[in-house]
Amino acid sequence: MSRVRYLQALGKALRDEMERDPSVFVVGEDVRESLRGVTKGLLDEFGESRVLDMPISEQMFTSFATGAALAGRRAVVEYQIPSLLYLAFEQIVNQAQKLRLMTGGQAKVPVVYLVPGSGARLGLAGQHSDHPYSLFVHAGVKTVLPAFASDAYGLLVSAVRDDDPVVFFAPAAALPTRDEVPDEPYAIPLGRGRIHREGTDATVVAIGHLVHDALVVADELADEGVSIEVFDPRTLYPFDWELLGASLARTGRLVVYDDANRSCGLAAEILATAAEEMPLTSPPKRVTRADVTISFAVELELAALPSRERLRAAVREVVREAAHR
Amino acid sequence: MIEVHIPKLGMSTIEVDVVAVHVAPGDRVDSDTIVIEVQSEKANFEVEAGTAGVVKEVLVQEGDEAKVGDVAVRVEP
Amino acid sequence: MIEDLYRTMRTIRRFEERVVELVNANEIAGVTHEYVGQEAVAAGVCAALRPDDVITSTHRGHGHLIAKGADVARMTAELLGRVDGLNHGRGGSMHIADLGLGIYGANGIVAAGAPIAAGAAWAAVQDGSGRLAVTFFGDGGANQGVLHETMNLAALWSLPLVFVCENNGYAVTLSQQRSTAGSLVERAAAYGITAESVDGMDVEAVLDATLRAADRARAGRGPTFLECRTYRFVGHHTAERTMKLGYRTDEEIARWRRRDPLVLAAAKLDEGRQAAIDDEVEDVLERAVEFARMSPRPRPEDVFEFAYASGLRPRDGVAA
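Some points on the sheet that holds strand β4 (residues 34-39) of chain B
Residue and element names in this part refer to chain B. The 4 strands are arranged β5-β4-β2-β7 in an open sheet whose pairing can be described as antiparallel. Whereas interior strands pair on both sides, the edge strands pair on one side only; in this sheet they are β5 (44-48) and β7 (65-67). Strand-to-strand twist across the sheet, computed as the mean angle between neighbouring axes with direction ignored, equals 40°.

Here it is in structure tokens:
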């Protein structure tokens with residue numbers, strides 16, 4: 001067991017899987033020098049044929065990974081910023097994701113699309129601050145967004161071993177966080193959420209790095225006598241609806257805390273499913289980004305992002321609402 | 001007075017760990033003297049004084065977490 | 001050899017003509033994109049390949065599949081959307097594939113197969129198998145960004161990848177002259193790729209050029225670009241005949257029909273062989289259609305089958 005930063009946990013997972021399975025290879029831009037930090041040391045350990053530096057051609061190398069996967073390899077494709085996924089969207093959603101069904105099960109596309117450092121990070125501005133995971137959830141692509149280093153390790157291992165395409169978002173704000181990570185390789189299955197803190201008054205579903213925020217807010221609210229349960233889905237698709245249902249059976253109140261746009265976002269999906277299928281004693285709420293491009297000026301950036309203050313207000317409201325019924 | 005700041009170590013780094021402090025108030029430094037060492041999730045970096053002079057104040061200790069842009073050391077040229 | 005080439009082309013021609021009948025009778029849903037007139041390209045290219053070589057095809061893919069050895073009965077069943085189809089009815093004409101034969105499939109997005117073929121070509125180099133990959137696309141696909149990105153990488157990494165541009169003069173209604181600046185062959189040469197323009201109506205010329213490209217690829221000397229000048233005698237897709245489009249003249253079509261690749265090849269066959277082969281092909285296709293018509297239709301409750309390799313079942317449109 002070692003206390004490891006999230007970014008290092010990702011690197012360890014990749015390294016351990018590349019050692020275990022010679023068909024795993026990494027492809028992306030500047031992955032040999034490891035500009036983004038995840039692939040540090042992999043070139044020295046595994047050689048040029050397993051760590052491929054590509055020209056700036058995201059559409060090409062995304063489908064290159066598909067072709068290599070069809071030919072029996074396992075690819076990990078790294079993107080330097082989340083917006084580049086928009087470029088590669090067709091190659092992921094219309095080719096890789098659909099090939100298995102369209103070919104009647106002949107094709108298998110084991111590819112991980114890894115985005116180290118997704119989301120906003122003060123001053124990255126409009127095109128470098130996106131968190132577009134709900135687009136992939138909508139397209140049925142397995143999507144993972146761990147909050148803790150130990151989960152990042154286990155889920156990246158599972159993602160690499162998964163025979164389907166998996167999009168893996170590693171939020172920038174979570175990269176420096178530290179957690180106890182076992183020294184021996186281990187896998188965490190996709191599709192299983194985690195309850196970090198049990199509570200009785202409301203369930204807060206926090207997405208990605210916001211789990212850390214939600215835990216801080218939970219402590220603060222506990223001082224006011226409000227007990228919240230913090231639910232970390234870890235995998236966004238397939239979502240652990242069963243665990244959420246069990247949590248809501250206990251609390252009956254739901255707030256979703258999501259660092260992505262409001263319209264048609266993951267928070268909307270969670271609210272809709274909870275409203276359809278789970279026992280709610282008050283109308284649920286979501287705290288998300290505003291539907292606006294992120295500005296450069298810090299005040300404007302922060303004004304568009306979800307905040308602890310807004311989360312506190314939302315929790316108080318759903319609890320108060322229930323008290324009136 | 002010259003202020004030595006915690007440097008930006010990458011596009012998205014906001015905090016770093018101070019992993020070593022090499023100077024104390026009263027020390028003479030050259031512009032390339034390494035005053036502190038910091039570590040982000042990605043890399044280690046040796047921060048130089050940037051100016052020849054005398055160290056007046058050291059505002060961080062080994063083991064601290066510091067924010068990018070914070071003043072770490074003050075040097076009188 | 002010329003007999004095999006003729007047989008392949010005749011199979012493609014008659015398959016496509018039967019497909020048109022089936023589409024118009026609504027036994028095949030939607031439309032298909034027929035390969036009539038272009039047979040020499042698929043037949044010539046695929047005759048130069050090994051069974052384990054990879055090809056990526058286009059929306060006009062039936063000819064590529066037949067030439068690479070796909071079973072015509074299972075192809076017909078796939079077009080009819082039946083369970084015994086190559087893709088178990090899940091893909092239809094535009095996604096028809098046979099991975100066991102290295103056919104990574106028809107594709108609904110032009111030139112989308114090029115980078116996929118590049119990945120397969122790279123994997124072949126890693127395996128040391130001597131395999132190569134061929135990617136088909138039309139003059140319409142020649143301006144796609146991914147194609148250029150792929151040509152760049154193929155040349156840079158000396159990939160065993162053959163780019164086959166089936167230049168039939170038109171994207172849908174837009175002619176090559178109006179869509180494509182410069183010359184297709186010179187563009188490839190600009191990337192440092194050995195490039196050749198071939199008479200796509202002459203099956204032996206196509207085969208010859210592909211053999212040279214295959215040798216180059218297997219010897220590790222990198223990619224080749226073959227522009228095969230060909231023509232489709234029918235519309236872009238089956239329904240075009242009802243659309244009264246005016247982008248081509250009857251005179252132009254007639255001119256190309258005078259160089260029908262089947263007629264050119266048949267002239268080289270021994271006495272009496274053409275009629276015998278034609279009969280055999282007719283027989284095979286008749287049985288293929290029977291097989292397809294007898295194959296069961298998929299059950300609605302199987303809508304989620306094959307969605308995920310892990311067996312994950314997606315949620316239905318209505319909550320349980």
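Having seen the structure, we can now continue with the description.
A few points about the nonpolar core
Within the largest apolar cluster, 199 residues are counted, with the highest numbers of intra-cluster contacts made by A:Leu156, A:Phe168, A:Val204, A:Val255, A:Tyr257, C:Ala120 and C:Leu161. Looking at this core element by element, the count peaks at 9 residues for helix α5 (residues 113-127) of chain C. Counting residues domain by domain, this core receives three or more from each of domain 1 (2-181) and domain 2 (194-324) of chain A. In contact with C:Leu161, other than residues within four places in its own chain, are C:Ala117, C:Ala118, C:Ala121, C:Leu132, C:Ala133, C:Thr135, C:Ala154, C:Ala217 and C:Pro223. One finds B:Val4, B:Val16, B:Ile36 and B:Val38 within the second-largest nonpolar core, a separate group that totals 14 residues.

Quick look at the interface of chain C and chain A
Interface size is commonly expressed as the accessible surface area that is lost when the partners come together. Each side of the interface is counted separately: chain C has 35 residues, and chain A has 34 residues. Contributing elements (two or more residues each) for the side of chain C that touches chain A: α5 and α6 (145-156) of chain C. At 10 residues, α5(C) tops the list of elements feeding residues into the side of chain C that touches chain A. A per-class count over the side of chain C that touches chain A returns 22 nonpolar, 11 polar and 2 charged.

Observations concerning the sheet that holds strand β14 (residues 285-289) of chain A
Across a sheet, strands are paired by hydrogen bonds formed along the backbone, either parallel or antiparallel in direction. Residues and elements named next belong to chain A. In space, the 5 strands of this open sheet follow the order β9-β11-β10-β13-β14, with mixed pairing throughout. At either margin of the open sheet sits one strand with a lone partner, and together these are β9 (194-197) and β14. Strand-to-strand twist of the sheet, defined as the mean angle between neighbouring strand axes without regard to direction, takes the value 25°. Across 4 bridges, the pairing between strand β13 (residues 254-261) and β14 is parallel.

Here's the deal with the confidence of the model for chain C
For chain C, per-residue confidence averages 96 on the pLDDT scale, and residues scoring 70 or more make up 100% of the total. The ipTM value of the predicted complex is 0.94, and its pTM value is 0.93.

Structural notes on helix α12 (residues 273-294) of chain C
In a regular helix each residue adds 1.5 Å, so 22 residues correspond to 32 Å; α12(C) covers 32 Å between its end C-alpha atoms and thus fits that length. The secondary structure elements touched by the buried residues of α12(C) are α1 (2-24), α4 (72-79) and α11 (261-266) of chain C.

Considerations on the packing of α1(C) against helix α2 (residues 39-47) of chain C
Residues and elements named next belong to chain C. Where α1 meets α2, the axes come as close as 9 Å, and the angle between the chain directions of the two elements is 135°. Judged by the inter-axis angle, α1 sits oblique to α2. In this structure, α1 crosses over α2, and the sense of that crossing is right-handed. Of α2, the residues touching α1 (which contributes Asp4, Leu5, Thr8, Met9, Ile12 and Arg13) are Glu39, Ala40, Ala42, Ala43, Gly44 and Ala47.

What to know about the domain arrangement of chain A
Residues and elements named next belong to chain A. Each assigned domain of chain A is listed with its residue range as follows: domain 1 (2-181) and domain 2 (194-324). Its C-alpha centre places domain 1 at a distance of 27 Å from the equivalent point of domain 2. Taken together, the 26 residues of domain 1 in the interface contact 22 residues of domain 2. Every element with two or more residues in the side of domain 1 that touches domain 2 is listed here: α6 (133-138), β6 (142-144), α7 (149-161) and β7 (166-171). Grouping the constituent residues of the side of domain 1 that touches domain 2 by class yields 15 nonpolar, 9 polar and 2 charged.

Criteria and cut-off values
- Residues numbered from 1 in each chain as written.
- Chains lettered and ligands numbered in written order.
- Predicted model: local features only at pLDDT ≥ 70, side-chain atom pairs only at ≥ 80, totals over all residues.
- Pairing = 2+ DSSP bridges.
- Helix = DSSP H or I, 4+ residues; strand = E, 2+ residues; numbered from the N terminus.
- Axes fitted to C-alpha atoms, helices over the stretch in contact; angles between N-to-C directions.
- Core = buried A, V, L, I, M, F, W, Y, C linked by C-beta atoms within 7 Å.
- Buried ≥ 20, exposed ≤ 12 C-beta atoms within 10 Å, placed from the backbone.
- Domains from an automatic or database assignment.
- Contact = placed C-beta atoms within 7 Å.
- Nonpolar A, V, L, I, M, F, W, Y, C, P; charged D, E, K, R; others polar.
- pLDDT = per-residue confidence, 0-100.
- Expected span 1.5 Å × (residues − 1).
- Parallel < 35°, antiparallel > 145°, perpendicular 65-115°, else oblique.
- Left-handed = near helix turned anticlockwise from the far one by under 90°.

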